[in-house]
Amino acid sequence: GGRWHLCFWPVLQRRFVAMMGGTAARKRHRRVSYILREEQGRHRGGIESLALNRRGELLFSAGRDGTARCWSTSSSRDRCERVYDAHTDWVNDVILLGDEATLVTGSSDNTIKMWNVQSEKCVATYGEHTDYVKALAYARGRGLLASAGLDREVIIWDLEASAQPVATMSSGGRGGSFAAKPITSRKCSGHEDSIYCVAVNSSASVLVSGSSERVSTHAIGLLRIWDPRTGEKVGRLKGHTDNVRCVLVSEDGTKCISGGSDASMKLWDLRTQRCVQSFSIHTDSVWTVDADPSFSQVFSGGRDKAVFCTDLETLHSTMVCQTEEPVLKLLRSPDESLWISTTSSALQHWEVESHLAKERAAHGHGRPSLHTVDHHLRRQSMWTGGAGDEADLQPLPLVKSPAAVLKGLPALVKCDFLENRRHVLAKDSAGCCSVWDVTSGKRVKDFGAVDFDEQRKALEEEMVVPAWCSVDCRLGSLMINLDFPQAFSAEQYAVESGFPRIPDLEETKINVGFRVVRSLFRNWRRARTKMRAKSGQQVPGGMQAGDGGSEEEREEVDEGLDYQLAESVRVLVTEGNAHPPLVTKRVSEWDGLEPMEVMPEWLVQSLDRGYACNDRGEHVAETPKIGFFLIKDPTTEMRQMQQGKLNAPQILRARKVLVYAVSKLNLEIPASMPRGANDDVVDFLQLHCADRVVPPDMNLMSIRKFLAKGADDLHFTYSWKVPDAPEPPQRGSQASLPVTSGFA
């Protein structure tokens, strides 16, 4: 692990092409996803990490919603100043480089991104890690950046070796997949299990990483010591009995303190590589530690929601405060206050130093108080689990409430498609349920705090639509995923797909998935059309002269039937559900110049040709047909149709079956039969299937599932409609949901 290597662009380019896979087979399996997020200047979901500039005026946060954000600590606004949005999974750590013009983020999408702080643009992306990037560390005095993750690797990046400031580098497009500027890097290999934390001192004389590596038959949790200048292993620290979750190195590089899932903190002498003190003040996993510049006071927090300040001289710990949710990160500010993030989406600012000073003055020399606890006694009470006198050992928080709270937004935690496959019922962390339309990207109805399962049952409909997409909410927002060929499986009438019920659209069919991708890539399509129109300019990919494609094969498409997803919607192209994404941009940022190696060929061909097709430009399979028989009701005086078994597309509605019956039977409507205002066939004729009246707008696919209970062929009986008979009941309440398409 001690050899340097340079990630020059030609090498990256070859690795990029190899990783993307040049074969058509792999390109066929590429996924298109898009994220529906209501951007309101705040995080949705837990905040994994924090960073401050030197003066403490700017606070940077890394969220589980896939964004990093910048906040002004002097402002009373609870909205962030800037948003850094290009990751496609949790942002696990954030670091501000020494020039304070560049922000670095590490994510569960396996990438490290560098950002221009002012412009919010991603200037470089590095995909050297092959699993989640869990931790970053920065040696300000040497310009070294360290990253570590679940791939068991520590990578050291020499930023000083880059002659150009990172914040001025260009990635050739926001959210690009690889950096255009080479940075010298080195891998430190040796861990045998996932790494969750890494720390380095400012002069880069020592680096420490913590993992879930097994150290004995009954214990896991190991720290390894490295020389970041050479990448060589220096030693290892054993003592934890569970996963090491956080670590901090003193500025002189002689000490470090670690916290683990065994609920302990340990102080280590890095020169002798021995544990000099163990603290069991917490009752659950310790997830974060920070210290004052002299490394004499250490702040710690974790799953037990308690924040302690431990004096490393007296070995007494003071419970500074207690939060309502587990503490993910705490950060000591230059003004000696604390910034705390938790599994909620809020940021908390705690004024603690004045309270600690009063506590020290009142109980000097380590004398106990209601807020302090001796680490030995606390450890004994923790493991014995006793009662009685040990209850007196539970300290009281020194500070009752935070000085300020930057409120966040509730994250979506549960979601499920409704039967129409356009609407999604979602529940957020506050318990409120709402319905989203994935074809318009909008929230269309709120139900407030209701039981999710009961509301889902109330919205049930007797309707079947092919599963043209899938949905998840791991980022606290809806992510819609389209995979070929399922993406093109839902052909429907436009009036059933979110468009207005007007006569001109009654017989118009659309492919829902095709119309969605046309909306997502509308700027990409228009850019390629302009490129194609330029004389002599070759357009890569898609239809090309000489490969079987021609202008005659391109079909005209009614753009008025395209959905209108917002320009701000983020679109991803991935290799299946693998990380990292091949490319990620907002709808507005696609310019037609993206490398064709990353674009799914089925997508390119479909957009170029104007119809849903595969990677060879062939039309997708036609909508399956369903067989049915039309039989006269024996109690009705009308003729029996002579045709035998009939076949029709599965999306055909019962109304059209009645129209067909009328045309073949030349029926004379009895004078006693009431006539509707529009003389509609459903006013005087009805169908029965399995002893149920068939709703006129139910299609054959739905009839087969809900009425015929899966029969291969359907058997309908037709009869005169009984005067004043009630309409067949419609299950669910989707009719009350608004039309939300982008129809213009």
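Predicted, not measured: the structure shown is a model, and the values here were computed from it.

**Here's the deal with the sheet that holds strand β32 (residues 412–417)**
Adjacent strands of a sheet form backbone hydrogen bonds with each other and so pair up, either parallel or antiparallel.
Thought 1: Strand order in this open sheet of four strands is β32-β33-β34-β35, and the pairing throughout is antiparallel. If you trace the sheet from one side to the other, it starts and ends with β32 and β35 (442–449), each paired once. Strand-to-strand twist of the sheet, defined as the mean angle between neighbouring strand axes without regard to direction, takes the value 20°.
Thought 2: The pairing of strand β33 (residues 423–428) with strand β34 (residues 432–437) spans five bridges and is antiparallel. Among the inter-strand pairings, V424 is bridged to a residue of β34, identified as W436.

**Things to note about the pattern of salt bridges**
Thought 1: Under the counting rule described, the total for this entry stands at 40 salt bridges.
Thought 2: Notably, a salt bridge pairs R525 with D562, separated by 3.9 Å at the nearest N-O pair. Of the two residues, R525 sits in helix α7 (residues 522–533) while D562 sits in the loop between α7 and β40 (570–575), which places them 37 residues apart along the sequence. You'll find R525 and D562 in the same group, each marked buried.
Thought 3: Linking D615 and R616 is a salt bridge whose minimum nitrogen-to-oxygen distance equals 3.9 Å.

**A word on the layout of surface pockets**
The gaps of empty space that remain are located by a probe, the size of a water molecule, rolled over the atoms.
Thought 1: Size it by volume and the largest pocket reaches roughly 1500 Å³.
Thought 2: When contributions to the lining of the largest pocket are tallied by element, the ones reaching two or more residues are β3 (47–52), β7 (91–96), β11 (133–139), β15 (195–200), β19 (244–249), β23 (286–291) and β27 (327–332).
Thought 3: Split by residue class, the lining of the largest pocket holds 29 nonpolar, seven polar and twelve charged.

**Overview of the nonpolar core**
Thought 1: With 86 residues, the main nonpolar core has Y34, L520, F521, L630, L700, I703 and F716 as its most contacted residues.
Thought 2: Once you skip the residues sitting within four places of it in the chain, L520 turns out to touch V32, Y34, L565, V569, V571 and V587.
Thought 3: Ranked by size, the runner-up nonpolar core spans 18 residues in total, among them I257, A306, F308 and V373.

**Section: the packing of aromatic side chains**
Thought 1: In total, this model carries ten aromatic pairs according to the counting rule given.
Thought 2: Their ring planes at 65° and their centres at 5.7 Å tell us that Y84 and W115 sit as a pair that is edge-to-face. With a gap of 31 residues between them, Y84 in strand β6 (residues 82–85) and W115 in strand β9 (residues 112–116) connect regions that are remote in the sequence.
Thought 3: Judged by relative accessible area, Y84 falls into the buried class, the value being 0%.
Thought 4: Consider the rings of F521 and W590, whose centres lie 4.9 Å apart with planes at 65°: the pair is edge-to-face. Taken together, the residues F521 in the loop between α6 (512–520) and α7 and W590 in the loop between β41 (583–586) and α8 (601–609) connect sequence positions 69 residues apart.
Thought 5: Residue class for F521 comes out buried when judged on its relative accessible area of 0%.
Thought 6: Under the relative-accessibility criterion, W590 is labelled buried at 2%.

**Points about helix α3 (residues 353–362)**
Thought 1: By the burial criterion, the buried members of α3 are E353, L356 and E359. Viewed end-on, α3 has its buried residues packed into an arc of 120°, placing them on one side of the element. Of the residues in α3, the exposed ones pointing more than 90 degrees away from the buried face are K358 and A361.

**Some thoughts on the environment of D109**
Thought 1: For D109, the position within the fold is in the loop between β8 (102–107) and β9.
Thought 2: The buried category is assigned to D109, whose relative accessible area is 1%.
Thought 3: Between the alpha carbons of D109 and D89 there is a distance of 5.2 Å; along the sequence they are 20 residues apart.
Thought 4: In this structure D109 touches H87, T88, D89, H579, P580 and P581, once residues within four positions along its chain are discounted.
Thought 5: There is a polar contact of 2.6 Å between the side chain of D109 and the side chain of T111.

**Remarks on the pairing of β32**
Thought 1: With five bridges joining them, β32 and β33 adopt antiparallel strand pairing. By the bridge assignment for β33, C415 is matched with A426.
Thought 2: As consecutive antiparallel partners, β32 and β33 are separated by five residues, and within that stretch R421 has a phi angle of approximately 60°, a positive value.

**So, the pairing of β6**
Sheet faces and side chains relate simply in a regular strand, where the side chains alternate between the two faces.
Thought 1: In β6, alternate side chains face the same way, and those of R82 and Y84 on one face and V83 and D85 on the other are all buried.
Thought 2: Pairing between strand β5 (residues 67–72) and β6: four bridges, direction antiparallel. In the strand pairing of β6, C70 is matched with R82.

**Considerations on the environment of P466**
Thought 1: Turning to its location among the elements, P466 is positioned in the loop between α5 (452–458) and β36 (470–472).
Thought 2: Between the alpha carbons of P466 and A490 there is a distance of 5.3 Å; along the sequence they are 24 residues apart.
Thought 3: Not counting residues within four places of it along the chain, the set of residues in contact with P466 comprises R421, S489, A490, Q650 and M701.

Rules behind the numbers
- Numbering of residues begins from 1 in every chain and follows the order in which that chain's sequence is written.
- Two thresholds apply to this predicted model, a pLDDT of at least 70 for residue-level local features and 80 or more for giving and counting side-chain atom pairs, whereas whole-chain, interface and lining totals are computed over all residues.
- To get the side-chain values, take all heavy atoms of the structure and skip hydrogens and water.
- Whether two strands pair depends on DSSP finding at least two bridges between them.
- The helix and strand labels rest on DSSP assignments: H or I over at least four residues marks a helix, E over at least two residues marks a strand, and numbering proceeds from the N terminus.
- Interaxial angles span 0 to 180 degrees and are taken between N-to-C directions of axes, which are lines fitted to C-alpha atoms, for helices over the stretch in contact.
- By salt bridge we mean one thing: a side-chain nitrogen of Lys or Arg within 4 Å of a carboxyl oxygen of Asp or Glu.
- Partly exposed describes any residue whose relative accessible area lies between the buried limit of under 20% and the exposed limit of over 50%, with all areas from a 1.4 Å probe on protein chains only and scaled to the type maximum.
- Two kinds of site are reported from a 1 Å grid over the protein atoms alone, namely cavities, where a 1.4 Å probe fits but cannot get out, and pockets, open sets with protein on both sides within 12 Å along at least five of seven lines, and residues are called lining when an atom falls within 4 Å of a point.
- Grid points are joined across faces, edges and corners, and a volume is the space filled by probe spheres set on the points.
- Three categories are distinguished: nonpolar for Ala, Val, Leu, Ile, Met, Phe, Trp, Tyr, Cys and Pro, charged for Asp, Glu, Lys and Arg, and polar for the others, with Gly belonging to the last.
- Here, the term nonpolar core denotes a set of buried Ala, Val, Leu, Ile, Met, Phe, Trp, Tyr and Cys residues that are joined through side-chain atoms within 4.5 Å.
- The contact rule is simple, with two residues in contact once any of their heavy atoms fall within 4.5 Å.
- A pair of aromatic rings is counted whenever rings of Phe, Tyr or Trp (Trp by its six-membered ring) have centres within 6.5 Å, and the orientation is called stacked for planes under 30 degrees apart, edge-to-face for over 60 and tilted otherwise.
- Directions from the helix axis toward the C-beta atoms define the arc.
- In protein, a polar contact requires one atom able to donate a hydrogen and another able to accept it; more generally it is a pair of N or O atoms within 3.5 Å, and residues adjacent in sequence count only if both atoms are side-chain atoms.

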